[in-house]
Amino acid sequence: MINTVLIEPEIPQNTGNIARTCAATGTALHIVKPVMFDMSDKAVKRAGLDYWQYVSLRVYESSADFFAEHGEKNFFYCSTKAKKLYTDVSYQSDVWFVFGSETKGLPESMIYDNFNRAIRIPMSAGIRSLNLANSVAVVVYEAIRQFAAAGDARYPLL
């Protein structure tokens, strides 16, 4: 299973686009609070996000709660500060892509404590970062590409 983890997302449109990517790909979405917008059913429906019912969604009260529950999973920490490219990794089953908030990214300690599992998307010099929703799509689809190429029946999308 491919899992996308959003640590303290701030922009509802990004989270909505990420949820749509997860629904379209059959991947799971994990949202870690605090969330900087209303995620109630009424707010989601008002925003036109009627596909949330197709998302495998879990919400956690804090990073501490999330990591206490999931411990030593196959985490990859997505950051512009990483050296390893996301395409240089051979993804195995049950991969977890961890993304930080739009304005802060992941805490530096999380990146550097896990530097051998930190990945980045290459960009032109001087560009700070891609949009969070675009970054999630790029990384998730690379994992799907790898799984499909290996014959994984869970991801026959290609």
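From a predicted model like this one, the values you see are computed outputs, not experimental measurements.

### Comments concerning the packing of aromatic side chains
If you walk through the whole model with that rule in mind, you get eleven aromatic pairs. A ring pair is formed by F76 and Y91, whose centres lie 5.2 Å apart and whose planes are at 85°; its orientation type is edge-to-face. One end of the pair, F76, is in strand β4 (residues 74–78); the other, Y91, is in the loop between β5 (84–85) and β6 (95–99), with 15 residues separating them in the sequence. According to the relative accessible area criterion, F76 is buried, its value standing at 6%. Since its relative accessible area comes to 4%, Y91 is described here as buried.

### Quick word on the packing of helix α1 (residues 12–25) against helix α5 (residues 132–149)
Relative orientation of the contacting elements α1 and α5 amounts to 15°, with a least axis distance of 8 Å. Taken together, the axis directions place α1 and α5 in an arrangement best described as roughly parallel. The chirality of how α1 crosses α5 is right-handed. Counted together, N14, N17, I18, T21 and T25 of α1 and L132, A133, V136, A137, V140, Y141 and I144 of α5 form the full contact between these two elements. Its residues placed into classes, the contact of α1 with α5 shows eight nonpolar, four polar and no charged.

Criteria and cut-off values
- Residues numbered from 1 in each chain as written.
- Predicted model: local features only at pLDDT ≥ 70, side-chain atom pairs only at ≥ 80, totals over all residues.
- Heavy atoms only, no water.
- Phe/Tyr/Trp six-rings, centres within 6.5 Å; stacked < 30°, edge-to-face > 60°.
- Helix = DSSP H or I, 4+ residues; strand = E, 2+ residues; numbered from the N terminus.
- Buried < 20%, exposed > 50% of the residue type's maximum accessible area, 1.4 Å probe, protein only.
- Axes fitted to C-alpha atoms, helices over the stretch in contact; angles between N-to-C directions.
- Parallel < 35°, antiparallel > 145°, perpendicular 65-115°, else oblique.
- Left-handed = near helix turned anticlockwise from the far one by under 90°.
- Contact = heavy atoms within 4.5 Å.
- Nonpolar A, V, L, I, M, F, W, Y, C, P; charged D, E, K, R; others polar.

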